[in-house]
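# Residue-level structural notes
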Amino acid sequence: MSAAAGVASAASDGDRLFVAGEYAAALAAYAEQVATHPEAPDLPDTFLQMARCHLRLNRPWLAEVRLRRLLADNLESDAGAQAVILLDRLLAKRQRAEEALHLAETLLARRPRRARPALLAMRAHALVALGRHQEAAHAYAALHETLSPAQQQGEATEVERWLAPRPEPFLRWVIREFDTAFPSDYALLALIDRYRERDPRLARRLADHFLATFPDHPRAAALRPPPPPPVAAPLITQAPPRVARAYDPERIDLLLPTTGPLAEVGIALFQGATLAVERYNAERDREAPGALQVTLTLHDTGANEAGAEAALRGLLDRDTLPLAVVGPATSPACRRLAPLAAVAGLPLVTPSAAAADLPDSYPYLFRVGMSDASQVARLLDYAVGERGAHRLACLYPNNGYGAHFRDLFVERARCMGVEVVAQASYPPDGVDFGPPIRNLLVQERAANARLVADRPFIPAPPDPALPRLPWLADGTLLPGPVADSAAPPPQPNGVERSSGIDAVFLPGPAATVGLVMAQLTYYGVEEAVWLATEEAATPELIERGERFARKAAIATGLFAAPGSPAAAFASRYRNRFGSDPDRLAAQAYQAVQVILTGLDQGVRSGPDLAAFLGRGPALDGLAGPLTVDEGGEIAVPPTLITVRRHRFERLPEGLPELTSWSPPADPWTVVGPPAAPWQLPLTDSPPSPEASAPPPEDNPEGMTPGLFEEDRWGIPIP
């Protein structure tokens, strides 16, 4: 019999006895095989089977010694990877996480390839057992990158079980730390499950954020809302208007209020739309074949939706319809006119209606503008991503506008995993904001107290080289040898004016926001960045508090930066109408631009224009490209501005804004944040005495239990 045949015969005998449950006999057969053929290529597999025999014979300490020897000599074999898995379970069962962590880090330093996933898993399990959950999250992320898609499913199930009981601040930290990568997705799923019963509205917003961030995730299908039930046709008291069969592509109608309390709004919208059509006609040669000259027709809707419906019905009674209608100006009018326009196939493009349910509910209704949610999202992206803010506060007016923006801010911050430590409101017409600001500071200190309670501070041990001074509670020093040379401890001098708030959200008009910024600075919230909405982007902010607004970030949809399309629009508007344009004029200008872009693309009817916009085309706006979503929202991108040199200036992209000068650092001083725990060098401390085997004596492999505890251990055999 050849040597190879002998090895195969011995191995088969051991395997046969192992399958039959005769583990002692199988162990003897494997030991004979190792002694007879010490150079056999399958020796690591034999050692692995011997360790399994020890486990079946209730000798876990012997199994551990065999597995450790296998890892020391044959780490790069398939048996080595299996040995890591068995040893990980063995050490976890015996609650020896420190040894498991040290072993995993020591073996990972050898840069193995086959055993690397198992070692990363061992390291993650040990960190979880030791309560070092932030390091465990990074260990799981590193493990995820080494696994195949099939193996990632099993790891995801394990991580999901681990994250489910974790506190909400930790889940928010995971979402902020890993952003769009694993395990941020499962931390977000844990938050969704936690809020599903307690706050369904927030859970729905978190689910929408999850679907936008992880559209191809295996759990995405379960989070998508069910399709809405079919909507019944709107009840119309009168007969529906006669559907016109012809469209005039050179005609755009305006349904705007030019009389009544909303006349100023209607005039601003009309002037912006007029400027867009005049520019379009001026750039085209009237003599060229097929050239179009667009005309505007204005219809006054008055101050209510009844006047708007009457104006639309008069327009629909004509034989020829316009290509589109710009308007109406208000949300109630949009809800009343949208069903009538859909019956006739006439698109409505509103530049000013702001209700949240518009235009999703109506197929022929489109809206051009900067949404409130996009303002809040851009401000938070700047504060958290570019300024590193993690402790936020919200100071808002006590009305519907303030409550609306507060809800958007809090929910967006939760989705990003950032903590809103304080919220307070003030009367919309108030001028003294001291009480709500003090309320903010009280809430912030309470949040600090909770943080200290969760993670108590452990002081460093006293330095034996320094004398211990016998201070009394009142700050006096007891008589002694060091009493004459020691200085008394510092005593508080006045009211402490400092805060740990990183950013304050201030929705409201410019006059109020300017006063709030000044008083926040007086109360010590001076290191924070102010976040303001578009209502603050007016010259009143500069007049009221330019010195305090220099560190503000204000979201706006119209900023005339030199050389930009918005600057050219503002210049033409001033030359044409003698005043500066406002946001409404800019949005009406862009609403007409959207229609004219479709005209240039060959659109010649209302249904064709609706289909063109439904495809999400590339559209140019004054502040950048416009995006069209499936619900008909034509979004104007927000631009962040601040106050510099008595005027508004655009914040630089991707760079933190400098708010104060500081002297240069010492060239010999290392500047920068402390290293995170998972970035520190791994220690090479020796394992505990239990990890070393006792001197060999009387047992099948010449070893005795020693310090190892024998217990019954049921590890399933792979």
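The present account deals with the structure reproduced in this document. (Residues numbered from 1 in each chain as written. Predicted model: local features only at pLDDT ≥ 70, side-chain atom pairs only at ≥ 80, totals over all residues. Heavy atoms only, no water.)

### As for the overall build of the chain
- In terms of helices and strands, the chain carries 24 helices and 15 strands.
- Buried positions account for 48% of the 718 residues belonging to the chain.
- Pairs at least 24 residues apart make up 66% of the contacts formed inside the chain by residues separated by at least 6 positions. (Helix = DSSP H or I, 4+ residues; strand = E, 2+ residues; numbered from the N terminus. Buried < 20%, exposed > 50% of the residue type's maximum accessible area, 1.4 Å probe, protein only. Contact = heavy atoms within 4.5 Å.)

### What about the environment of Ala-373?
- Examined against the element boundaries, Ala-373 turns out to sit in helix 17 (residues 372-386).
- Here Ala-373 falls in the partly exposed class, since its relative accessible area comes to 41%.
- A C-alpha to C-alpha distance of 8.3 Å links Ala-373 and Phe-405, two positions 32 residues apart in sequence.

### Considering the pairing of strand 5 (residues 365-369)
- Of all five residues in strand 5, five are buried, a share of seventy percent or more.
- Alternating positions in strand 5 separate into two faces, Leu-365, Arg-367 and Gly-369 on one and Phe-366 and Val-368 on the other, with burial throughout.
- Direction of pairing for strand 4 (residues 348-350) relative to strand 5: parallel, over a ladder of three bridges. Looking across to strand 5, one finds that Val-349 is bridged to Phe-366. (Pairing = 2+ DSSP bridges.)

### Some points on the nonpolar core
- Membership of the largest hydrophobic core comes to 80 residues, with the highest contact counts inside it found for Leu-87, Trp-162, Leu-163 and Leu-206.
- Setting aside residues up to four positions removed in sequence, Leu-206 forms contacts with Leu-188, Leu-191, Ile-192, Tyr-195, Arg-414 and Cys-415.
- Of all hydrophobic cores here, the second largest spans 47 residues; its members include Val-277, Val-294, Ala-588 and Ile-634. (Core = buried A, V, L, I, M, F, W, Y, C linked by side-chain atoms within 4.5 Å.)

### With respect to the environment of Pro-363
- Of note, Pro-363 is situated in the loop between strand 4 and strand 5.
- Counting along the chain gives 269 residues from Pro-363 to Gly-632, while the straight-line C-alpha distance between them is 7.7 Å.

### Overview of the sheet that holds strand 6 (residues 391-397)
- Taken in spatial order, the seven strands make up an open sheet running 7-6-8-9-10-14-15, and their pairing is mixed. Since the sheet does not close on itself, it has two edges, and those belong to strand 7 (419-426) and strand 15 (647-650), each with one partner. Taking the axes of each pair of neighbouring strands and ignoring which way they run, one obtains an average angle of 30° across the sheet.
- Judged from the seven bridges that link them, strand 6 and strand 7 form a sheet pairing that is parallel. Note on strand 7: the bridge partner recorded for Pro-397 is Tyr-426. (Axes fitted to C-alpha atoms, helices over the stretch in contact; angles between N-to-C directions.)

### Here's the deal with the sheet that holds strand 13 (residues 633-635)
- Spatially, 2-1-3-4-5-13-12-11 is the arrangement adopted by the eight strands of the open sheet, whose pairing is mixed. The open sheet is flanked by strand 2 (295-300) and strand 11 (619-620), the only strands paired with a single partner.
- Across two bridges, strand 12 (residues 625-628) lies against strand 13 in antiparallel orientation. Bridge pairing in strand 13 places Thr-627 opposite Ala-635.

### Let's talk about helix 15 (residues 305-316)
- In a regular helix each residue adds 1.5 Å, so 12 residues correspond to 16 Å; helix 15 covers 16 Å between its end C-alpha atoms and thus fits that length.
- Among the structural elements, strand 1 (246-256), strand 2, strand 3 (320-326) and helix 16 (331-344) are those in contact with the buried residues of helix 15.
- For helix 15, the N-terminal cap is Asn-304; the gap from its side-chain oxygen to the backbone nitrogen of Ala-306 is 3.3 Å. (Expected span 1.5 Å × (residues − 1). Polar contact = N/O pair within 3.5 Å; in protein donor to acceptor, adjacent residues only side chain to side chain.)

### Quick word on the pattern of salt bridges
- One pass over the full model with this rule turns up 28 salt bridges.
- Glu-283 serves as the salt-bridge partner of Arg-284, at 3.9 Å between the closest nitrogen and oxygen.
- With a closest N to O distance of 3.0 Å, Asp-407 and Arg-406 form a salt bridge.
- The network of salt bridges with shared partners includes Glu-64, Arg-68, Arg-96 and Glu-99. (Salt bridge = Lys/Arg side-chain N within 4 Å of Asp/Glu carboxyl O.)

### Observations concerning the pairing of strand 3
- The buried count for strand 3 comes to six of seven residues, which makes it a mostly enclosed element.
- With six bridges connecting them, strand 1 and strand 3 associate as parallel partners. The residue bridging Asp-253 from the neighbouring strand is Val-325, located in strand 3.
- Across two bridges, strand 3 lies against strand 4 in parallel orientation. Paired with Val-325 across the strands is Leu-348, a residue of strand 4.

### Focus: unusual backbone geometry
- The omega torsion across Phe-182 and Pro-183 is 5°, close enough to zero to call that bond cis.
- Mapping Pro-183 onto the fold places it in the loop between helix 10 (168-178) and helix 11 (184-198).
- A cis geometry characterises the amide bond from Gly-327 onward to Pro-328, with omega recorded as -5°.
- The residue Arg-645 is not glycine, and still its phi comes out positive at about 55°.
- Looking at where Arg-645 falls in the secondary structure, it is placed in the loop between strand 14 (639-644) and strand 15.
- One non-glycine residue, His-646, lies in the positive phi region at around 65°.
- Along the chain, the position of His-646 falls in the loop between strand 14 and strand 15.

### Structural notes on the packing of aromatic side chains
- Counted by the stated rule, this structure contains 15 aromatic pairs.
- Here Phe-405 and Phe-505 contribute two aromatic rings whose centre-to-centre distance is 6.4 Å and whose plane-to-plane angle is 50°, an arrangement assigned as tilted. You can see Phe-405 sitting in helix 18 (residues 400-416) and its partner Phe-505 sitting in strand 8 (residues 503-506), a full 100 residues away along the chain.
- Three or more aromatic residues joined by ring pairs make a cluster, and in this case those are Tyr-140, Trp-162, Phe-170, Trp-173 and Phe-178. (Phe/Tyr/Trp six-rings, centres within 6.5 Å; stacked < 30°, edge-to-face > 60°.)

### Quick look at the packing of helix 3 (residues 43-56) against helix 4 (residues 60-73)
- Close contact between helix 3 and helix 4 brings their axes to 7 Å; oriented N to C, the two are set at 165°. If you check the angle between helix 3 and helix 4, you find them roughly antiparallel. Judged by the sense of rotation from one axis to the other, the crossing of helix 3 with helix 4 is left-handed. Together, Pro-44, Phe-47, Leu-48, Ala-51, His-54 and Leu-55 of helix 3 and Pro-60, Leu-62, Ala-63, Arg-66, Leu-67 and Leu-70 of helix 4 make up the contact between the two elements.
- Of the residues belonging to the contact of helix 3 with helix 4, the class tally is 10 nonpolar, one polar and one charged. (Parallel < 35°, antiparallel > 145°, perpendicular 65-115°, else oblique. Left-handed = near helix turned anticlockwise from the far one by under 90°. Nonpolar A, V, L, I, M, F, W, Y, C, P; charged D, E, K, R; others polar.)

### Some words on helix 4
- The terminal C-alpha atoms of helix 4, which comprises 14 residues, lie 20 Å apart, in line with the 20 Å expected from a rise of 1.5 Å per residue.
- A large share of helix 4 lies buried, amounting to 11 of its 14 residues.
- Taken together, the buried positions of helix 4 are occupied by Pro-60, Trp-61, Leu-62, Ala-63, Glu-64, Val-65, Arg-66, Leu-67, Arg-68, Leu-70 and Leu-71.
- For helix 4, the elements touching its buried residues are helix 3, helix 5 (78-93) and helix 6 (97-108).

That's the geometry; what it means functionally is another story.
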